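The primary structure of each chain is shown beneath.
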Amino acid sequence: MAIEKKKRDLTQGALIPQIILFSLPLMATGILQLLFNTADIIVVGNWGGDTPEECKQALAAVGSCSSLITLFVNLFLGLSVGAGICVAHDIGARDDVGVQKSVHTAIIIALGAGVIVTALGFSVTRPLLVLMGTDESVLPEASKYIMAYFCGMPANMLYNYCASILRSKGDTVRPLIFLSVSGVANVIFNLFAVLVLHWGAMGVGAATALSQWISCILIVIYMMRMEGPCKIQLSKITLDRKKFKKMLVIGLPAGLQSALFSISNVLIQSSVNSFGPTIVAANTAAANLESYIYVIQNALYHTAMTFVAQNMGAGQYKRMKKSILYCVFVVSVVGLTVGSIMYLFGDLLLGVYAPGNPEVIMYGGVRFFIFCFTYFLCGIMEVGSGTLRGLGKSFISMIVSLIGSCLLRVVWIFTVFNNLPKEGTVENTIFRLNMLYISYPVTWVITSTALFIMCAFALREYKRLHRSEIRDLP
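Caption draft 1: View of the overall build of the protein chain. From N to C terminus, the protein chain includes 17 helices and zero strands. A compact globule built from 474 residues would reach a C-alpha radius of gyration of about 23 Å, and the protein chain, at 22 Å, matches this within 12%. Its C-alpha atoms give the protein chain principal-axis dimensions of about 65 × 45 × 35 Å. By sequence separation, contacts in the protein chain at least 24 residues apart represent 86% of the contacts at least 6 residues apart. Total accessible area on the protein chain is roughly 19100 Å²; 69% of this is exposed by carbon and sulfur atoms. The protein chain carries 35 positive and 24 negative side-chain charges, and their two centres are separated by 16 Å.

Structure (C-alpha coordinates):
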(Lines give C-alpha, C1' and ligand atoms only; values in the text may rest on other atoms or scores of the structure.)
Protein backbone atom coordinates (compact mmCIF):
# COMPACT_ATOMS: atom_id res chain seq x y z
CA MET A 1 0.00 0.00 0.00
CA ALA A 2 2.83 2.39 0.83
CA ILE A 3 4.41 1.83 -2.55
CA GLU A 4 1.13 2.42 -4.37
CA LYS A 5 0.52 5.65 -2.48
CA LYS A 6 3.99 6.90 -3.30
CA LYS A 7 3.43 6.09 -6.96
CA ARG A 8 0.21 7.98 -7.32
CA ASP A 9 0.93 11.08 -5.21
CA LEU A 10 2.91 13.58 -7.25
CA THR A 11 1.91 16.51 -5.03
CA GLN A 12 4.51 15.88 -2.33
CA GLY A 13 8.21 15.10 -2.05
CA ALA A 14 11.37 16.13 -3.90
CA LEU A 15 10.51 17.15 -7.46
CA ILE A 16 13.65 16.34 -9.45
CA PRO A 17 13.84 12.67 -8.36
CA GLN A 18 10.09 12.28 -8.93
CA ILE A 19 10.26 13.82 -12.39
CA ILE A 20 13.17 11.57 -13.38
CA LEU A 21 11.59 8.41 -11.94
CA PHE A 22 8.27 9.25 -13.58
CA SER A 23 9.75 10.07 -17.00
CA LEU A 24 12.29 7.23 -17.35
CA PRO A 25 9.67 4.47 -17.80
CA LEU A 26 7.81 6.81 -20.17
CA MET A 27 10.98 7.20 -22.23
CA ALA A 28 11.44 3.45 -22.33
CA THR A 29 7.78 2.96 -23.26
CA GLY A 30 8.05 5.46 -26.11
CA ILE A 31 11.20 3.78 -27.37
CA LEU A 32 9.51 0.38 -27.36
CA GLN A 33 6.50 1.74 -29.24
CA LEU A 34 8.83 3.22 -31.80
CA LEU A 35 10.65 -0.11 -32.05
CA PHE A 36 7.49 -1.50 -33.68
CA ASN A 37 8.05 0.78 -36.64
CA THR A 38 11.84 0.41 -36.50
CA ALA A 39 11.52 -3.36 -36.67
CA ASP A 40 9.32 -2.95 -39.75
CA ILE A 41 11.87 -0.67 -41.40
CA ILE A 42 14.96 -2.73 -40.58
CA VAL A 43 13.36 -5.99 -41.65
CA VAL A 44 12.10 -4.68 -44.99
CA GLY A 45 15.31 -2.68 -45.54
CA ASN A 46 17.41 -5.81 -45.14
CA TRP A 47 15.18 -8.68 -46.29
CA GLY A 48 12.15 -7.11 -48.00
CA GLY A 49 13.37 -8.23 -51.43
CA ASP A 50 15.88 -10.39 -53.27
CA THR A 51 18.14 -7.46 -54.24
CA PRO A 52 19.22 -4.17 -52.59
CA GLU A 53 16.97 -2.33 -55.08
CA GLU A 54 13.91 -4.37 -54.06
CA CYS A 55 14.74 -3.83 -50.40
CA LYS A 56 14.95 -0.09 -51.06
CA GLN A 57 11.52 -0.17 -52.70
CA ALA A 58 10.03 -2.01 -49.72
CA LEU A 59 11.65 0.48 -47.33
CA ALA A 60 10.22 3.39 -49.31
CA ALA A 61 6.77 1.72 -49.22
CA VAL A 62 6.75 1.59 -45.42
CA GLY A 63 8.16 5.11 -45.13
CA SER A 64 5.54 6.55 -47.47
CA CYS A 65 2.83 5.49 -45.02
CA SER A 66 4.27 6.81 -41.76
CA SER A 67 2.96 10.37 -41.87
CA LEU A 68 -0.46 9.21 -43.09
CA ILE A 69 -0.79 6.67 -40.27
CA THR A 70 0.19 9.36 -37.77
CA LEU A 71 -2.44 11.70 -39.22
CA PHE A 72 -5.30 9.28 -38.50
CA VAL A 73 -4.04 7.99 -35.16
CA ASN A 74 -3.15 11.31 -33.53
CA LEU A 75 -6.58 12.85 -33.95
CA PHE A 76 -8.19 10.21 -31.76
CA LEU A 77 -5.26 9.63 -29.42
CA GLY A 78 -5.58 13.31 -28.47
CA LEU A 79 -8.73 12.38 -26.59
CA SER A 80 -6.61 10.06 -24.43
CA VAL A 81 -4.80 13.20 -23.27
CA GLY A 82 -8.15 14.56 -22.11
CA ALA A 83 -8.90 11.29 -20.33
CA GLY A 84 -5.54 11.30 -18.57
CA ILE A 85 -5.87 14.89 -17.39
CA CYS A 86 -9.41 14.26 -16.09
CA VAL A 87 -8.14 11.30 -14.06
CA ALA A 88 -5.14 13.30 -12.78
CA HIS A 89 -7.35 16.21 -11.66
CA ASP A 90 -9.66 13.79 -9.81
CA ILE A 91 -6.73 12.00 -8.16
CA GLY A 92 -5.21 15.32 -7.05
CA ALA A 93 -8.58 16.31 -5.55
CA ARG A 94 -8.94 12.85 -3.89
CA ASP A 95 -12.22 12.23 -5.77
CA ASP A 96 -12.41 8.43 -6.21
CA VAL A 97 -15.94 8.50 -7.62
CA GLY A 98 -14.83 11.01 -10.24
CA VAL A 99 -11.85 8.79 -11.13
CA GLN A 100 -14.15 5.81 -11.75
CA LYS A 101 -16.45 7.85 -13.98
CA SER A 102 -13.47 9.19 -15.96
CA VAL A 103 -11.92 5.74 -16.41
CA HIS A 104 -15.06 4.05 -17.73
CA THR A 105 -15.98 6.95 -19.97
CA ALA A 106 -12.46 6.78 -21.44
CA ILE A 107 -12.88 3.08 -22.26
CA ILE A 108 -15.98 3.80 -24.35
CA ILE A 109 -14.20 6.62 -26.19
CA ALA A 110 -11.21 4.36 -26.91
CA LEU A 111 -13.37 1.60 -28.39
CA GLY A 112 -15.29 4.04 -30.57
CA ALA A 113 -12.08 5.72 -31.74
CA GLY A 114 -10.54 2.38 -32.67
CA VAL A 115 -13.48 1.42 -34.87
CA ILE A 116 -13.55 4.82 -36.62
CA VAL A 117 -9.80 4.88 -37.31
CA THR A 118 -9.87 1.35 -38.72
CA ALA A 119 -12.77 2.22 -41.03
CA LEU A 120 -10.97 5.34 -42.25
CA GLY A 121 -7.76 3.41 -42.77
CA PHE A 122 -9.45 0.82 -44.97
CA SER A 123 -11.44 3.29 -47.06
CA VAL A 124 -9.32 6.35 -47.83
CA THR A 125 -5.64 5.53 -47.40
CA ARG A 126 -4.85 4.44 -50.97
CA PRO A 127 -6.42 7.56 -52.55
CA LEU A 128 -4.51 9.70 -50.06
CA LEU A 129 -1.24 7.92 -50.88
CA VAL A 130 -1.85 8.74 -54.55
CA LEU A 131 -2.70 12.33 -53.65
CA MET A 132 0.57 12.59 -51.71
CA GLY A 133 2.49 11.74 -54.88
CA THR A 134 3.68 8.32 -53.71
CA ASP A 135 5.85 6.76 -56.41
CA GLU A 136 3.93 4.22 -58.48
CA SER A 137 6.68 1.65 -57.99
CA VAL A 138 6.05 1.52 -54.23
CA LEU A 139 2.27 2.16 -54.17
CA PRO A 140 1.13 -1.52 -54.24
CA GLU A 141 3.37 -2.50 -51.32
CA ALA A 142 2.50 0.68 -49.42
CA SER A 143 -1.22 -0.05 -49.75
CA LYS A 144 -0.81 -3.62 -48.47
CA TYR A 145 1.31 -2.46 -45.53
CA ILE A 146 -1.10 0.22 -44.39
CA MET A 147 -4.16 -2.06 -44.65
CA ALA A 148 -2.47 -4.70 -42.50
CA TYR A 149 -1.26 -2.08 -40.03
CA PHE A 150 -4.75 -0.68 -39.47
CA CYS A 151 -6.07 -4.08 -38.37
CA GLY A 152 -4.39 -3.31 -35.04
CA MET A 153 -5.91 0.16 -34.58
CA PRO A 154 -8.70 -0.80 -32.12
CA ALA A 155 -6.08 -2.43 -29.89
CA ASN A 156 -3.70 0.50 -30.31
CA MET A 157 -6.38 2.96 -29.17
CA LEU A 158 -7.50 0.94 -26.16
CA TYR A 159 -3.93 0.31 -25.02
CA ASN A 160 -2.98 3.99 -25.23
CA TYR A 161 -6.08 5.16 -23.37
CA CYS A 162 -5.46 2.63 -20.59
CA ALA A 163 -1.78 3.60 -20.44
CA SER A 164 -2.79 7.27 -20.16
CA ILE A 165 -4.99 6.41 -17.18
CA LEU A 166 -2.20 4.49 -15.44
CA ARG A 167 0.25 7.35 -16.05
CA SER A 168 -2.21 9.79 -14.51
CA LYS A 169 -2.07 7.90 -11.24
CA GLY A 170 1.71 7.80 -11.35
CA ASP A 171 2.20 4.28 -12.75
CA THR A 172 4.53 4.43 -15.75
CA VAL A 173 6.14 1.02 -15.17
CA ARG A 174 3.35 -1.43 -16.01
CA PRO A 175 2.63 0.01 -19.47
CA LEU A 176 6.35 -0.46 -20.11
CA ILE A 177 6.21 -4.12 -19.04
CA PHE A 178 3.22 -4.89 -21.27
CA LEU A 179 4.82 -3.14 -24.21
CA SER A 180 8.08 -5.03 -23.67
CA VAL A 181 6.27 -8.34 -24.11
CA SER A 182 4.47 -7.22 -27.25
CA GLY A 183 7.69 -5.64 -28.59
CA VAL A 184 9.53 -8.95 -28.46
CA ALA A 185 6.56 -10.61 -30.14
CA ASN A 186 6.61 -7.94 -32.85
CA VAL A 187 10.22 -8.66 -33.80
CA ILE A 188 9.55 -12.41 -33.94
CA PHE A 189 6.41 -11.98 -36.04
CA ASN A 190 8.23 -9.55 -38.37
CA LEU A 191 10.99 -12.03 -39.15
CA PHE A 192 8.52 -14.89 -39.59
CA ALA A 193 6.26 -12.90 -41.94
CA VAL A 194 9.14 -11.69 -44.14
CA LEU A 195 11.66 -14.56 -44.09
CA VAL A 196 9.25 -17.50 -43.94
CA LEU A 197 5.98 -16.28 -45.45
CA HIS A 198 7.64 -13.77 -47.85
CA TRP A 199 4.86 -11.22 -47.29
CA GLY A 200 7.18 -8.19 -47.62
CA ALA A 201 5.78 -4.87 -46.41
CA MET A 202 2.36 -6.39 -45.73
CA GLY A 203 3.96 -8.93 -43.41
CA VAL A 204 5.59 -6.36 -41.14
CA GLY A 205 2.33 -4.40 -41.03
CA ALA A 206 0.46 -7.53 -39.94
CA ALA A 207 3.13 -8.29 -37.33
CA THR A 208 2.78 -4.81 -35.85
CA ALA A 209 -1.01 -5.17 -35.69
CA LEU A 210 -0.73 -8.52 -33.91
CA SER A 211 1.71 -7.15 -31.35
CA GLN A 212 -0.64 -4.23 -30.64
CA TRP A 213 -3.39 -6.69 -29.77
CA ILE A 214 -1.05 -8.44 -27.35
CA SER A 215 -0.22 -5.22 -25.44
CA CYS A 216 -3.89 -4.25 -25.40
CA ILE A 217 -5.05 -7.57 -23.94
CA LEU A 218 -2.35 -7.50 -21.26
CA ILE A 219 -3.13 -3.97 -20.03
CA VAL A 220 -6.91 -4.53 -20.01
CA ILE A 221 -6.57 -7.76 -18.01
CA TYR A 222 -4.34 -5.97 -15.49
CA MET A 223 -6.74 -3.05 -15.06
CA MET A 224 -9.66 -5.42 -14.57
CA ARG A 225 -7.78 -7.18 -11.75
CA MET A 226 -6.18 -4.18 -10.04
CA GLU A 227 -7.53 -2.51 -6.90
CA GLY A 228 -8.49 1.13 -6.52
CA PRO A 229 -10.64 3.65 -8.40
CA CYS A 230 -8.83 3.10 -11.72
CA LYS A 231 -10.02 -0.52 -11.90
CA ILE A 232 -12.01 -1.42 -15.03
CA GLN A 233 -15.36 -3.00 -14.15
CA LEU A 234 -17.53 -4.13 -17.06
CA SER A 235 -20.73 -3.33 -15.15
CA LYS A 236 -19.63 0.32 -14.76
CA ILE A 237 -18.65 0.99 -18.38
CA THR A 238 -20.96 3.87 -19.20
CA LEU A 239 -20.63 7.32 -20.71
CA ASP A 240 -20.71 10.07 -18.08
CA ARG A 241 -21.76 13.20 -19.95
CA LYS A 242 -19.91 15.62 -17.68
CA LYS A 243 -16.65 13.68 -17.91
CA PHE A 244 -17.10 13.14 -21.64
CA LYS A 245 -17.54 16.87 -22.17
CA LYS A 246 -14.43 17.65 -20.11
CA MET A 247 -12.40 15.07 -22.04
CA LEU A 248 -13.56 16.58 -25.32
CA VAL A 249 -12.75 20.13 -24.20
CA ILE A 250 -9.20 19.09 -23.23
CA GLY A 251 -8.57 16.19 -25.59
CA LEU A 252 -10.18 17.27 -28.84
CA PRO A 253 -7.92 20.33 -29.27
CA ALA A 254 -4.95 18.05 -28.53
CA GLY A 255 -6.13 15.59 -31.17
CA LEU A 256 -6.85 18.31 -33.72
CA GLN A 257 -3.44 19.82 -33.07
CA SER A 258 -1.71 16.48 -33.58
CA ALA A 259 -3.75 15.77 -36.70
CA LEU A 260 -3.04 19.18 -38.20
CA PHE A 261 0.64 18.78 -37.31
CA SER A 262 0.45 15.53 -39.22
CA ILE A 263 -1.12 17.32 -42.20
CA SER A 264 1.90 19.62 -42.35
CA ASN A 265 4.11 16.54 -42.11
CA VAL A 266 2.10 14.91 -44.90
CA LEU A 267 2.81 17.98 -47.05
CA ILE A 268 6.50 17.68 -46.21
CA GLN A 269 6.36 13.95 -46.99
CA SER A 270 4.79 14.84 -50.33
CA SER A 271 7.70 17.21 -50.95
CA VAL A 272 10.14 14.44 -50.04
CA ASN A 273 8.29 12.02 -52.34
CA SER A 274 9.02 14.37 -55.26
CA PHE A 275 12.74 13.55 -54.93
CA GLY A 276 12.20 9.85 -55.76
CA PRO A 277 12.53 6.48 -53.93
CA THR A 278 16.20 6.89 -52.91
CA ILE A 279 15.62 10.06 -50.90
CA VAL A 280 12.28 8.75 -49.60
CA ALA A 281 14.16 5.74 -48.23
CA ALA A 282 16.89 8.01 -46.78
CA ASN A 283 14.30 10.29 -45.18
CA THR A 284 12.48 7.27 -43.76
CA ALA A 285 15.60 5.88 -42.10
CA ALA A 286 16.79 9.23 -40.71
CA ALA A 287 13.31 10.25 -39.51
CA ASN A 288 12.85 6.94 -37.73
CA LEU A 289 16.15 7.32 -35.91
CA GLU A 290 15.32 10.91 -34.94
CA SER A 291 12.00 9.71 -33.60
CA TYR A 292 13.94 8.16 -30.72
CA ILE A 293 15.03 11.65 -29.69
CA TYR A 294 11.42 12.77 -29.95
CA VAL A 295 9.87 9.98 -27.87
CA ILE A 296 12.51 10.45 -25.17
CA GLN A 297 11.68 14.14 -25.03
CA ASN A 298 7.95 13.51 -25.35
CA ALA A 299 8.13 11.72 -21.99
CA LEU A 300 8.71 15.16 -20.46
CA TYR A 301 5.56 16.40 -22.21
CA HIS A 302 3.52 13.77 -20.36
CA THR A 303 5.50 14.41 -17.18
CA ALA A 304 4.82 18.16 -17.23
CA MET A 305 1.17 17.59 -18.07
CA THR A 306 0.62 15.05 -15.28
CA PHE A 307 2.56 16.92 -12.59
CA VAL A 308 0.83 20.20 -13.40
CA ALA A 309 -2.61 18.54 -13.51
CA GLN A 310 -2.24 16.69 -10.20
CA ASN A 311 -0.77 19.69 -8.40
CA MET A 312 -3.46 21.93 -9.85
CA GLY A 313 -6.09 19.57 -8.43
CA ALA A 314 -4.27 19.68 -5.08
CA GLY A 315 -3.86 23.49 -5.08
CA GLN A 316 -0.03 23.35 -5.13
CA TYR A 317 0.78 26.53 -7.10
CA LYS A 318 4.50 26.86 -6.37
CA ARG A 319 5.02 23.17 -7.04
CA MET A 320 3.36 23.58 -10.44
CA LYS A 321 5.82 26.34 -11.40
CA LYS A 322 8.84 24.36 -10.23
CA SER A 323 7.64 21.28 -12.14
CA ILE A 324 7.54 23.30 -15.37
CA LEU A 325 11.05 24.74 -14.92
CA TYR A 326 12.58 21.38 -14.03
CA CYS A 327 10.93 19.69 -17.03
CA VAL A 328 12.35 22.36 -19.38
CA PHE A 329 15.82 21.83 -17.93
CA VAL A 330 15.67 18.03 -18.15
CA VAL A 331 14.27 17.96 -21.69
CA SER A 332 17.00 20.34 -22.93
CA VAL A 333 19.82 18.30 -21.42
CA VAL A 334 18.39 15.02 -22.67
CA GLY A 335 17.69 16.34 -26.18
CA LEU A 336 21.15 17.82 -26.70
CA THR A 337 22.91 14.75 -25.28
CA VAL A 338 20.99 12.12 -27.26
CA GLY A 339 21.07 14.22 -30.44
CA SER A 340 24.85 14.66 -30.28
CA ILE A 341 25.46 10.96 -29.68
CA MET A 342 23.15 10.02 -32.55
CA TYR A 343 24.89 12.37 -34.97
CA LEU A 344 28.29 11.00 -33.95
CA PHE A 345 27.24 7.50 -35.02
CA GLY A 346 24.99 8.66 -37.88
CA ASP A 347 26.50 6.71 -40.78
CA LEU A 348 26.66 3.52 -38.74
CA LEU A 349 23.04 3.82 -37.64
CA LEU A 350 21.75 4.66 -41.12
CA GLY A 351 23.68 1.72 -42.51
CA VAL A 352 21.61 -0.64 -40.36
CA TYR A 353 18.49 0.49 -42.22
CA ALA A 354 19.94 0.47 -45.73
CA PRO A 355 22.96 -1.84 -46.05
CA GLY A 356 24.60 -1.64 -49.45
CA ASN A 357 22.93 1.69 -50.30
CA PRO A 358 25.53 4.48 -49.87
CA GLU A 359 23.19 7.05 -51.50
CA VAL A 360 20.53 6.40 -48.86
CA ILE A 361 23.13 6.84 -46.11
CA MET A 362 24.45 10.06 -47.65
CA TYR A 363 21.05 11.71 -48.05
CA GLY A 364 19.96 10.49 -44.61
CA GLY A 365 22.99 12.34 -43.21
CA VAL A 366 21.68 15.59 -44.73
CA ARG A 367 18.60 15.38 -42.52
CA PHE A 368 20.65 14.24 -39.53
CA PHE A 369 22.88 17.32 -39.68
CA ILE A 370 19.95 19.67 -39.07
CA PHE A 371 17.75 17.62 -36.75
CA CYS A 372 20.16 16.05 -34.27
CA PHE A 373 21.39 19.39 -32.90
CA THR A 374 18.03 21.18 -32.87
CA TYR A 375 15.56 18.57 -31.69
CA PHE A 376 15.84 19.77 -28.08
CA LEU A 377 13.86 22.83 -29.23
CA CYS A 378 10.99 20.50 -30.09
CA GLY A 379 11.24 19.06 -26.57
CA ILE A 380 10.94 22.52 -25.02
CA MET A 381 7.91 23.15 -27.22
CA GLU A 382 6.35 19.88 -26.05
CA VAL A 383 6.80 20.80 -22.38
CA GLY A 384 5.09 24.14 -23.01
CA SER A 385 2.19 22.40 -24.74
CA GLY A 386 1.88 19.80 -21.96
CA THR A 387 1.91 22.53 -19.31
CA LEU A 388 -1.00 24.36 -20.92
CA ARG A 389 -2.96 21.11 -21.19
CA GLY A 390 -2.29 20.26 -17.57
CA LEU A 391 -3.70 23.68 -16.70
CA GLY A 392 -6.82 22.89 -18.72
CA LYS A 393 -5.89 25.33 -21.52
CA SER A 394 -5.82 22.76 -24.29
CA PHE A 395 -7.58 24.99 -26.83
CA ILE A 396 -4.98 27.74 -26.36
CA SER A 397 -2.19 25.19 -26.77
CA MET A 398 -3.77 24.01 -30.01
CA ILE A 399 -4.15 27.51 -31.49
CA VAL A 400 -0.61 28.59 -30.60
CA SER A 401 0.93 25.37 -31.91
CA LEU A 402 -1.05 25.40 -35.13
CA ILE A 403 -0.15 28.97 -35.97
CA GLY A 404 3.45 28.77 -34.78
CA SER A 405 4.34 25.41 -36.30
CA CYS A 406 1.80 24.04 -38.77
CA LEU A 407 0.77 27.20 -40.56
CA LEU A 408 4.29 28.59 -40.81
CA ARG A 409 5.60 25.23 -41.99
CA VAL A 410 2.97 25.02 -44.73
CA VAL A 411 3.72 28.62 -45.77
CA TRP A 412 7.42 27.72 -45.90
CA ILE A 413 6.73 24.80 -48.25
CA PHE A 414 4.56 26.80 -50.66
CA THR A 415 6.82 29.86 -50.71
CA VAL A 416 10.48 29.19 -49.88
CA PHE A 417 10.78 25.52 -50.86
CA ASN A 418 8.54 25.40 -53.94
CA ASN A 419 10.30 28.41 -55.47
CA LEU A 420 13.78 26.89 -55.28
CA PRO A 421 15.47 25.92 -58.58
CA LYS A 422 14.97 22.22 -59.36
CA GLU A 423 18.24 21.36 -61.06
CA GLY A 424 19.11 17.68 -61.02
CA THR A 425 22.60 18.01 -59.51
CA VAL A 426 23.53 16.40 -56.20
CA GLU A 427 24.53 19.78 -54.76
CA ASN A 428 21.17 21.34 -55.62
CA THR A 429 19.29 18.34 -54.25
CA ILE A 430 21.13 18.65 -50.92
CA PHE A 431 20.47 22.40 -50.85
CA ARG A 432 16.74 21.89 -51.44
CA LEU A 433 16.58 19.21 -48.75
CA ASN A 434 18.30 21.54 -46.28
CA MET A 435 15.81 24.30 -47.05
CA LEU A 436 12.94 21.86 -46.52
CA TYR A 437 14.23 20.49 -43.22
CA ILE A 438 15.23 23.87 -41.73
CA SER A 439 11.53 24.74 -41.48
CA TYR A 440 11.32 22.51 -38.38
CA PRO A 441 13.76 24.26 -35.98
CA VAL A 442 12.57 27.70 -37.14
CA THR A 443 8.97 26.89 -36.22
CA TRP A 444 9.98 25.16 -32.96
CA VAL A 445 11.61 28.36 -31.69
CA ILE A 446 8.62 30.52 -32.61
CA THR A 447 6.08 28.11 -31.11
CA SER A 448 8.02 27.52 -27.87
CA THR A 449 8.27 31.24 -27.21
CA ALA A 450 4.54 31.76 -27.74
CA LEU A 451 3.57 28.72 -25.63
CA PHE A 452 5.52 29.80 -22.56
CA ILE A 453 4.14 33.33 -22.78
CA MET A 454 0.66 31.77 -22.64
CA CYS A 455 1.75 29.52 -19.75
CA ALA A 456 2.73 32.61 -17.75
CA PHE A 457 -0.69 34.18 -18.38
CA ALA A 458 -2.49 30.92 -17.49
CA LEU A 459 -0.60 30.55 -14.20
CA ARG A 460 -1.34 34.15 -13.29
CA GLU A 461 -5.04 33.61 -14.04
CA TYR A 462 -5.12 30.43 -11.93
CA LYS A 463 -3.50 32.23 -9.00
CA ARG A 464 -5.99 35.09 -9.24
CA LEU A 465 -9.12 32.92 -9.51
CA HIS A 466 -8.18 30.18 -7.05
CA ARG A 467 -6.12 31.96 -4.39
CA SER A 468 -8.40 30.66 -1.62
CA GLU A 469 -7.84 27.04 -2.78
CA ILE A 470 -4.05 27.28 -3.12
CA ARG A 471 -2.30 25.53 -0.24
CA ASP A 472 1.35 26.51 -0.66
CA LEU A 473 1.10 30.31 -0.69
CA PRO A 474 1.73 32.35 2.49
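Caption draft 2: Representation of the pattern of salt bridges. Tallied over the full model, the rule gives four salt bridges. Across the pair Asp-90 and Lys-243 runs a salt bridge, and its minimum N-O distance is 2.9 Å. Within this pair, whereas Asp-90 is found in helix α3 (residues 52-92), its partner Lys-243 is found in helix α9 (residues 241-273), the two being separated by 153 residues in sequence. In terms of burial, Asp-90 and Lys-243 fall into one category: buried. Ionic pairing is found between Arg-367 and Glu-290, a salt bridge with its closest N-O pair at 2.6 Å. Taken as a pair, Arg-367 in helix α13 (residues 358-371) and Glu-290 in helix α10 (residues 277-313) lie far apart in primary sequence, 77 residues in all. Classification of Arg-367 as buried rests on a relative accessible area of 8%. By relative accessible area, Glu-290 is classed as buried at 0%.

Caption draft 3: Inspection of the packing of aromatic side chains at higher detail. The final tally for this structure, using the stated rule, is 15 aromatic pairs. Considering the side-chain rings of Phe-22 and Phe-307, the 5.6 Å spacing of their centres and the 90 degrees angle between planes classify their relative orientation as edge-to-face. Separated by 285 residues along the polypeptide, Phe-22 in helix α2 (residues 15-47) and Phe-307 in helix α10 bring together distant segments of the chain. For the pair shown, Phe-22 and Phe-307 are each scored as buried.

Caption draft 4: Fine view of empty space enclosed by the protein. As enumerated under the stated definition, the model contains three cavities of 30 Å³ or more in all. Computed from the structure, the second largest cavity encloses a volume of approximately 100 Å³. Taken together, Ser-80, Val-81, Gly-84, Ile-85, Ala-88, Ser-164, Arg-167, Ser-168, His-302, Met-305, Thr-306 and Ala-309 make up the lining of the second largest cavity. At the level of secondary structure, the elements contributing two or more residues to the lining of the second largest cavity comprise α3, α6 (153-168) and α10. It is α3 that provides the largest number of residues to the lining of the second largest cavity, a total of five residues. Considered class by class, the residues forming the lining of the second largest cavity number five nonpolar, six polar and one charged.

Caption draft 5: Looking closely at the side chain of Ser-164. Tracing the backbone through its elements, the reader meets Ser-164 in helix α6. The contact partners of Ser-164, leaving out residues within four places of it in the chain, are Ser-80 and Gly-84.

What counts, and at which threshold
Residues numbered from 1 in each chain as written. Predicted model: local features only at pLDDT ≥ 70, side-chain atom pairs only at ≥ 80, totals over all residues. Heavy atoms only, no water. Helix = DSSP H or I, 4+ residues; strand = E, 2+ residues; numbered from the N terminus. Rg over C-alpha atoms; globule rule 2.2 N^0.38 Å. Contact = heavy atoms within 4.5 Å. Areas by Shrake-Rupley, 256 points an atom, 1.4 Å probe, with all protein chains shown as cover. Lys, Arg positive; Asp, Glu negative; His and termini not counted. Charge placed at Lys NZ, Arg CZ, Asp CG, Glu CD. Salt bridge = Lys/Arg side-chain N within 4 Å of Asp/Glu carboxyl O. Buried < 20%, exposed > 50% of the residue type's maximum accessible area, 1.4 Å probe, protein only. Phe/Tyr/Trp six-rings, centres within 6.5 Å; stacked < 30°, edge-to-face > 60°. 1 Å grid on protein atoms, 1.4 Å probe; cavity = no way out; pocket = protein on both sides within 12 Å on 5 of 7 lines; lining within 4 Å. Points joined across faces, edges and corners; volume = space filled by probe spheres on them. Nonpolar A, V, L, I, M, F, W, Y, C, P; charged D, E, K, R; others polar.

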